[in-house]
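Structural overview
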Amino acid sequence: MLSSGDACARFASAVRDMAVGVDVHCHINGCVRDDTLLELASARGLGEEARALVLDAPRDLMSCFEIFKLIHEVCTTREAVRRIAREVVMDFAADGALYVELRTTPKNAPERGVTKDSYVEAVLDGVEDACGVGGGDGTGKITARVILSIDRGRDDTAAKINETIELALRNRHRGVVGIDLSGDPKAGSWDMYEPALQRARDAGLGIAVHCGEVANTEDEQRQIISWAPDRLGHCVFTVRDAACYDALRASHIPVELCLTSNVFTKSNESYASHHFKILRRDAVPLCICTDDTWVFRTTLSRECAIAHTHFGLSLEDIRSIMADAVRFSFVETPVKTKLLARIQGDTAS
Ligand code: 5GP
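From a predicted model like this one, the values you see are computed outputs, not experimental measurements.

Turning our attention to the overall build of the chain. Across its full length, the chain carries 15 helices and eight strands. Relative to the globule expectation of 20 Å for 349 residues, the C-alpha radius of gyration of the chain, 19 Å, shows essentially globular dimensions. The buried share of the chain, reckoned over its 349 residues, is 58%. Long-range pairs, those at least 24 residues apart, make up 73% of the contacts in the chain between residues at least 6 apart in sequence. Split by element, the accessible area of the chain, about 13900 Å² in all, is 51% carbon and sulfur. Within the chain, the 52 negative side-chain charges are centred at a point lying 2 Å from the centre of the 41 positive side-chain charges.

Another point: the sheet that holds strand β8 (residues 286-288). Taken in spatial order, the eight strands line up as β1-β2-β3-β4-β5-β6-β7-β8 in an open sheet, and their pairing is parallel. The open sheet has two edge strands with one neighbour each: β1 (21-27) and β8. The mean inter-strand angle of the sheet, taken between neighbouring strand axes irrespective of direction, is 25°. With two bridges connecting them, strand β6 (residues 231-234) and strand β7 (residues 255-257) associate as parallel partners. Across the sheet, Gly 233 pairs through a bridge with Glu 256, a residue of β7. Against the sheet, helix α14 (residues 315-328) engages β1, β6 and β8, with an angle of about 110° to β8.

The ligand sits among 19 residues. The nearest are His 72, Thr 104, Thr 105, Lys 107 and Glu 213. Measuring from an oxygen atom of the ligand, one finds a side-chain N or O atom of Thr 105 at 2.6 Å. Relative to its unbound accessible area of 510 Å², the ligand is 97% covered by the protein chains. For the shell around the ligand, the secondary structure elements donating two or more residues are α4 (61-75) and β2 (97-104). The leading source of residues in the shell around the ligand is α4, at four residues. Looking at the shell around the ligand residue by residue, the class counts come to four nonpolar, nine polar and six charged.

Rules and cut-offs
- Residues numbered from 1 in each chain as written.
- Predicted model: local features only at pLDDT ≥ 70, side-chain atom pairs only at ≥ 80, totals over all residues.
- Heavy atoms only, no water.
- Helix = DSSP H or I, 4+ residues; strand = E, 2+ residues; numbered from the N terminus.
- Rg over C-alpha atoms; globule rule 2.2 N^0.38 Å.
- Buried < 20%, exposed > 50% of the residue type's maximum accessible area, 1.4 Å probe, protein only.
- Contact = heavy atoms within 4.5 Å.
- Areas by Shrake-Rupley, 256 points an atom, 1.4 Å probe, with all protein chains shown as cover.
- Lys, Arg positive; Asp, Glu negative; His and termini not counted.
- Charge placed at Lys NZ, Arg CZ, Asp CG, Glu CD.
- Pairing = 2+ DSSP bridges.
- Axes fitted to C-alpha atoms, helices over the stretch in contact; angles between N-to-C directions.
- Near = heavy atom within 4 Å.
- Polar contact = N/O pair within 3.5 Å; in protein donor to acceptor, adjacent residues only side chain to side chain.
- Nonpolar A, V, L, I, M, F, W, Y, C, P; charged D, E, K, R; others polar.

Any functional reading would require information that these geometric values do not contain.
What follows is the structure in structure tokens.
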């Protein structure tokens, strides 16, 4: 008899074989390969520290953020950033993805000769190594685009926030398509970010905002939803507050759902009680994403298998959710059309 683990693995394998995966919410430095992280950490004498970071039990979001300190410490050289961006894209391709929208926070590491400009350049070089010029045109095995993140914990002045917008605008020709607001959800306030995000939106960049990741942020959630970003990340606590949830439903903003991430960080008690179920019941637009494959020890095909196991999604449901994810993505329209045609096979896009 098949165990539920076997059934889950078989479904994940079938998802990989379909090769229709689309992930629009994954943070590059949360998706570093085990071997790469250990190699880079060991070269800096931090191998043991890196090994100790592998999570074997759930931790809250804030302690997960601690992990990024060491990852950033060992991964922020131009060579490493380029390698990691390439490997992340290749790993998604091996997992059956045909489009990935990677997000990352531009960083300065003057002691290693890294500026925010050269960091972004290295990310885009890595994406090009994996996908070809500009991250590909929708016809290759995998196409990728990049979103630049504003880190609520660190980008604490208008100048720093605006610098990220400028960097994104300067690098559009190489595949930067949007801006994300992420990092410590308790740091900063929406009023600080809104003017810069508005400027980015006016200039044609897509905007994705992490929303409702922690409790007691209802006022901010309502502000964010009424500003209407193109996509919202997580929305765990949005669903738990009637006024916020009404606003979300009325807005029709697509939600990027990261099942394992939310369960691992104890934002959701279990997969079975994940708000995926409520959003799907209420026909809220949604997509399935990984967030941080390394931190949460997952893959996109595994997340799909979890949705199958706990919410009864079929392979055709997965195909349809992936087609929606392309529609919600920030990639240029001609590429979107090609990707949709590939996902839908003979069905009209
Ligand atoms: P990076 O931007 O360095 O490529 O990826 C790691 C960064 O992404 C973290 O330092 C953090 O700012 C952000 N990040 C990763 N996962 C999450 C998450 O689940 N929630 C939020 N708010 N930010 C995250």
